[in-house]
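Coordinate analysis (summary)
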Amino acid sequence: MSEYKSRFCPSPTGFLHLGNLRTALLNVLLALQTKGTFLLRIEDTDQERSEKKYADAVCEDLKWMNLNWQEGPEVGGEQDSYFQSQRNDIYVLFYEKLLEQDLIYPCFMSEQELKAIRRNQLAAGQPPRYNGAWANASEEEVKKELSKGSKPVYRLSLIHISEPTRPERISYGGLGVK
């Protein structure tokens, strides 16, 4: 096996659709082209809508289409689990690291407030985006909200970035599907 690993991470909130199958097919072909690994990971973090029957159906549908994975549910691999909801311990460690490094901050805006901001931005012909209202909140303001029982959503802090950055385009040279 090569170092290449392609992934397909469907959410088990319903049955696969054609777009899902296209993505899975392209990732299987990429794994075959590179003599790599095709990994299936179930993105079941939406606990309200995710259902086991849909996760099972994903696996059955992919097998029926002969889109076989080398790593993932039913076949195992390097990871302890291929269900995102069972990997929370990993995410807690990274979450704590981000907090320690002051790279995320709590936001206490309600869904209604966020919808009003989006609506006003769209009405003004602007793209909808979070306005950073809690980005510079004092420790006192945060403690006050927490003491009221408010539950924050943590947002990525962009105040540490002095210039806008753009991701570099990754080129795979002659990589293609034959």
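Look above for the structure.
Nothing here was measured: the structure is a model prediction, and the numbers come from that model.

Time to look at the pattern of salt bridges. Tallying each qualifying case throughout the model produces ten salt bridges. As a salt-bridge pair, Glu78 and Lys5 come within 3.6 Å of each other at their nearest N and O atoms. Residue Glu78 is found in the loop between helix H2 (52-64) and helix H3 (88-100), and its partner Lys5 is found in strand S1 (residues 5-8); the two are separated by 73 residues along the sequence. Between Glu51 and Lys53 there is a salt bridge; the shortest N-O distance is 3.8 Å.

Moving on, we come to helix H1 (residues 18-33). Counting along an α-helix, one turn takes 3.6 residues, and residues three or four places apart therefore face a common direction. In a regular helix each residue adds 1.5 Å, so 16 residues correspond to 22 Å; H1 covers 22 Å between its end C-alpha atoms and thus fits that length. Residues Asn20, Leu21, Ala24, Asn27, Val28 and Ala31 constitute the buried set of H1. Seen from one end, H1 has its buried residues packed into an arc of 130 degrees, which puts them on one side. More than 90 degrees from the buried face of H1, the exposed residues found are Leu18 and Arg22. Tucked inside the fold, the buried residues of H1 contact S1, strand S2 (37-40) and H2. Immediately beyond the C-terminal end of H1, within one or two residues, lies Lys35, with a positive phi of roughly 55 degrees.

In this section: the nonpolar core. Grouped together as the largest cluster of nonpolar side chains are 15 residues, with contacts concentrated most on Phe8, Phe38, Leu40 and Leu62. When residues of this core are traced back to their parent elements, those giving at least two are H1, S2 and H2. Excluding anything up to four places from it in sequence, Leu62 contacts Phe8, Leu16, Leu21, Ala24, Leu40, Leu67 and Trp69. Formed by eight residues, the second largest nonpolar core is a distinct cluster that contains Tyr105, Met109, Leu114 and Ile117.

Reading the values: the criteria
Residues numbered from 1 in each chain as written. Predicted model: local features only at pLDDT ≥ 70, side-chain atom pairs only at ≥ 80, totals over all residues. Heavy atoms only, no water. Salt bridge = Lys/Arg side-chain N within 4 Å of Asp/Glu carboxyl O. Helix = DSSP H or I, 4+ residues; strand = E, 2+ residues; numbered from the N terminus. Expected span 1.5 Å × (residues − 1). Buried < 20%, exposed > 50% of the residue type's maximum accessible area, 1.4 Å probe, protein only. Arc of directions from axis to C-beta. Contact = heavy atoms within 4.5 Å. Core = buried A, V, L, I, M, F, W, Y, C linked by side-chain atoms within 4.5 Å.

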